[in-house]
Structures are given as C-alpha cells and as structure tokens.
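Remarks on the overall topology
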Amino acid sequence: MEVHVQKRTVDSLRNPANPLQSPLWARLKERVGWHPSAYAFQCELGSGELLALSRPTSDGYRHTYVPFGPEVEIPVEEQGPFLEGLSRGLSTGIEPGTVFIRYDLPWES
C-alpha cells in the first residue's frame, strides 16, 4: 500500500486526545535524549499525523519509536500493508542510520 508521508514541524501536531503524540511530549522526550520529528501521512484509507522519536542504540545505530500512533481507522486486513507503506514513507525522513521503527499502536488487537 502506498502511503504518502510529509515531514512537518513538531509544533504543528494537533492531537489533543493523545498526549503521547503532542508537542509537549516531544519537548519532554527531547530533554532526555530523544530526537522528535513530526509527519503527516495520507493513503487511500485515511490520513493523519504522528510524532516519531529517535535515538542512538548502544552500538551506534539509531532506532525510532512512534508512541501510540498512528491514529487512523484501518481495517484489520489492511493494517500490515499500511504499516509497511508508512514505514517506507518515514524512512526517507527519519534519522540516518535507523535500523528499525517501533510502533506502539493504539489499535485493538
């Protein structure tokens, strides 16, 4: 599934229902060593925005973490292809040297 991703400023995040996807959370995590980035995304199933946090691993690579996002209604059978497309889209904007993206999804399992 193709997911279009566009980098945004962290202050542009507008998700008051989810404090872990907010500019405040980004600033708090930045104080303890995380690098925050914000993105807007769009696909045929919906659109939204998300906060991604990255930091170095102990071996010099980086990992990216998306806390309780993305928040978009995706049918269960489309969740895997959506996350694959979203990860591809994010890969062009996240920190170089990132070896994985971890999602803590807000979806029911």
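Above this note sits the structure.
Tallying each qualifying case throughout the model produces three salt bridges. Between Asp-11 and Arg-27 there is a salt bridge, with its nearest N and O atoms 3.0 Å apart. Of this pair, Asp-11 sits in the loop between β1 (4-8) and α1 (23-30) while Arg-27 sits in helix α1, and the two are 16 residues apart along the sequence. With relative accessibility at 42%, the residue Arg-27 sits in the partly exposed group. Residue Arg-102 pairs with Asp-104 through a salt bridge whose shortest N-O separation is 3.0 Å. Residue classification places Arg-102 among the partly exposed positions, given a relative accessible area of 42%.

In this model, Gly-69 is joined to Pro-70 through a cis peptide bond whose omega is 0°. When you line up the elements, Pro-70 lands in the loop between β4 (62-66) and α2 (79-91). Within the chain, Phe-68 stands out as a residue other than glycine whose phi angle is a positive 50°. In this fold, Phe-68 is placed in the loop between β4 and α2.

What follows covers the environment of Phe-82. Within the secondary structure layout, Phe-82 lies in helix α2. Phe-82 sits 80 residues away from Glu-2 along the chain, and the two C-alpha atoms are 7.7 Å apart. Contact partners of Phe-82, with chain neighbours within four places excluded, come to Met-1, Val-3, Phe-41, Cys-43, Pro-70, Val-72, Ile-74 and Trp-107.

Here we come to α1. Among the residues of α1, those classed as buried are Pro-23, Ala-26 and Lys-29. One side of α1 carries all its buried residues, which in axial view fall inside an arc of 125°. Where α1 is buried, its residues meet β2 (35-43) and β3 (46-56).

Now for the packing of aromatic side chains. Taken as a whole and assessed by the stated rule, the structure comprises two aromatic pairs. Consider the rings of Trp-34 and Tyr-65, whose centres lie 6.1 Å apart with planes at 50°: the pair is tilted. Placement of Trp-34 in the loop between α1 and β2 and of Tyr-65 in strand β4 is noted, with a sequence separation of 31 residues between them. Each member of the pair, Trp-34 as well as Tyr-65, carries the same accessibility label: buried.

The rules we used
- Residues numbered from 1 in each chain as written.
- Predicted model: local features only at pLDDT ≥ 70, side-chain atom pairs only at ≥ 80, totals over all residues.
- Heavy atoms only, no water.
- Salt bridge = Lys/Arg side-chain N within 4 Å of Asp/Glu carboxyl O.
- Helix = DSSP H or I, 4+ residues; strand = E, 2+ residues; numbered from the N terminus.
- Buried < 20%, exposed > 50% of the residue type's maximum accessible area, 1.4 Å probe, protein only.
- Contact = heavy atoms within 4.5 Å.
- Arc of directions from axis to C-beta.
- Phe/Tyr/Trp six-rings, centres within 6.5 Å; stacked < 30°, edge-to-face > 60°.

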